[in-house]
Amino acid sequence: MSLKSNLSKKENNFYETERLLIRPMSVDDADLIFELYNMPNFIKYIGNRNIKSLSDAENYIKFKFLPQFEKLGFGNYLIILKEGNQKIGGVGIFEREGLDVVDIGFSVLERFEGKGLMFEAAQKIKSIGMDEFGLKKISAITTKDNLSSQKLIEKLGLKFQRMVTIPEDSEELMYYETE
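Residues numbered from 1 in each chain as written. Predicted model: local features only at pLDDT ≥ 70, side-chain atom pairs only at ≥ 80, totals over all residues. Heavy atoms only, no water.

Counting its regular elements, the protein contains five helices and eight strands. For the protein, the sequential pattern of α-helices and β-strands runs β-β-α-α-α-β-β-β-α-β-α-β-β. Its C-alpha radius of gyration of 16 Å places the protein within 12% of the 16 Å reference for a compact globule of 179 residues. Across the 179 residues that make up the protein, the buried fraction comes to 46%. Within the protein, contacts between residues separated by at least 24 positions form 59% of all contacts whose residues are at least 6 apart in sequence. A total accessible area of about 9,700 Å² is found for the protein, and carbon and sulfur atoms account for 49% of it. Positive and negative side-chain charges in the protein, numbering 25 and 28 respectively, have mean positions lying 3 Å apart. (Helix = DSSP H or I, 4+ residues; strand = E, 2+ residues; numbered from the N terminus. Rg over C-alpha atoms; globule rule 2.2 N^0.38 Å. Buried < 20%, exposed > 50% of the residue type's maximum accessible area, 1.4 Å probe, protein only. Contact = heavy atoms within 4.5 Å. Areas by Shrake-Rupley, 256 points an atom, 1.4 Å probe, with all protein chains shown as cover. Lys, Arg positive; Asp, Glu negative; His and termini not counted. Charge placed at Lys NZ, Arg CZ, Asp CG, Glu CD.)

The next point concerns the packing of aromatic side chains. Under the definition given, this model contains seven aromatic pairs. On the basis of an interplanar angle of 65 degrees and a centroid distance of 6.1 Å, the ring pair of Tyr15 and Tyr77 is categorised as edge-to-face. Separated by 62 residues along the polypeptide, Tyr15 in strand β1 (residues 15-16) and Tyr77 in strand β3 (residues 76-81) bring together distant segments of the chain. Across this residue pair, the class does not change: Tyr15 and Tyr77 are buried. Ring centres of Phe69 and Tyr77 lie 5.2 Å apart, and the angle between their planes is 85 degrees; this geometry places the pair in the edge-to-face category. (Phe/Tyr/Trp six-rings, centres within 6.5 Å; stacked < 30°, edge-to-face > 60°.)

What follows deals with the side chain of Thr143. Examined against the element boundaries, Thr143 turns out to sit in the loop between β6 (139-142) and α5 (147-155). On the accessibility criterion, Thr143 (1% relative accessible area) is buried. At 2.9 Å, the side chain of Thr143 and the side chain of Asp145 are in polar contact. Those residues in contact with Thr143 that lie beyond four places of it in its chain are Tyr45, Gln150, Glu171, Leu173 and Met174. (Polar contact = N/O pair within 3.5 Å; in protein donor to acceptor, adjacent residues only side chain to side chain.)

This part takes up the pattern of salt bridges. Scanning all chains against the criterion turns up nine salt bridges. Measuring nitrogen to oxygen at the nearest pair gives 3.0 Å for the salt bridge that ties Lys87 to Asp29. Taken together, the positions of Lys87 in strand β4 (residues 86-94) and Asp29 in the loop between β2 (20-24) and α1 (30-37) put the pair 58 residues apart, joining distant regions of the chain. Residue Glu35 pairs with Arg111 through a salt bridge whose shortest N-O separation is 3.1 Å. Residue Glu35 is found in helix α1, and its partner Arg111 is found in the loop between β5 (103-108) and α4 (117-131); the two are separated by 76 residues along the sequence. Glu35 gets classed as partly exposed once you look at its relative accessible area, which sits at 35%. A relative accessible area of 52% means that Arg111 is categorised as exposed. (Salt bridge = Lys/Arg side-chain N within 4 Å of Asp/Glu carboxyl O.)

Taking 1.5 Å of rise per residue, the 15 residues of α4 would be expected to cover 21 Å, and the 21 Å separating its terminal C-alpha atoms lies within 8% of that figure. Listing the buried residues of α4 in full gives Leu117, Met118, Glu120, Ala121, Ala122, Ile125, Lys126, Ile128 and Gly129. Against the buried residues of α4 lie β1, β2, β3, β4, β5 and α5. (Expected span 1.5 Å × (residues − 1).)

In this section: the packing of α1 against helix α3 (residues 54-72). Orientation of α1 relative to α3, taken along the N-to-C sense of each, is 100 degrees, at an axis distance of 8 Å. With respect to their mutual orientation, α1 and α3 come out roughly perpendicular. Seen from α1, the contacting residues are Ala30, Asp31, Ile33, Phe34 and Tyr37; seen from α3, they are Leu54, Ala57, Glu58, Tyr60, Ile61 and Phe65. Tallied by class, residues from the contact of α1 with α3 come to nine nonpolar, no polar and two charged. (Axes fitted to C-alpha atoms, helices over the stretch in contact; angles between N-to-C directions. Parallel < 35°, antiparallel > 145°, perpendicular 65-115°, else oblique. Nonpolar A, V, L, I, M, F, W, Y, C, P; charged D, E, K, R; others polar.)

Below, the structure is given as structure tokens:
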């Protein structure tokens, strides 16, 4: 990764943790988005994004993820397990309609749950958001019944504030924020 030093700050967003490589999501990751966004727990806890084909996944990346990187310099990142170079999930900081504070979100393929990988990835992205992009606060939202997300959000140091409803969603969500 010696190329890293030649990239501008906006493009220099390839990161590493002990077990993970983290890089911006690209259209080449449509296969992972297709699999992730069609998992029963993703649909149950996050919502149905109507990704029915690889083409839908590519368009979702092009029109949802890439514009935010262009606008803010950060967004949704692919998580790659170093061991075996496997794509395992996504983590990102998002501008979300209805929230005043950018929101951290994450999803992982079910076979990689419970190994601390999402905490490792989310902790890295949270610190990048605050240290490199100067974010003063980060929020998170989750459903009342998504206990594993609640635990991870709290482990990241975010505190429950109140219940919120965001546009286009009737379900009340738990809203957390850094202090």
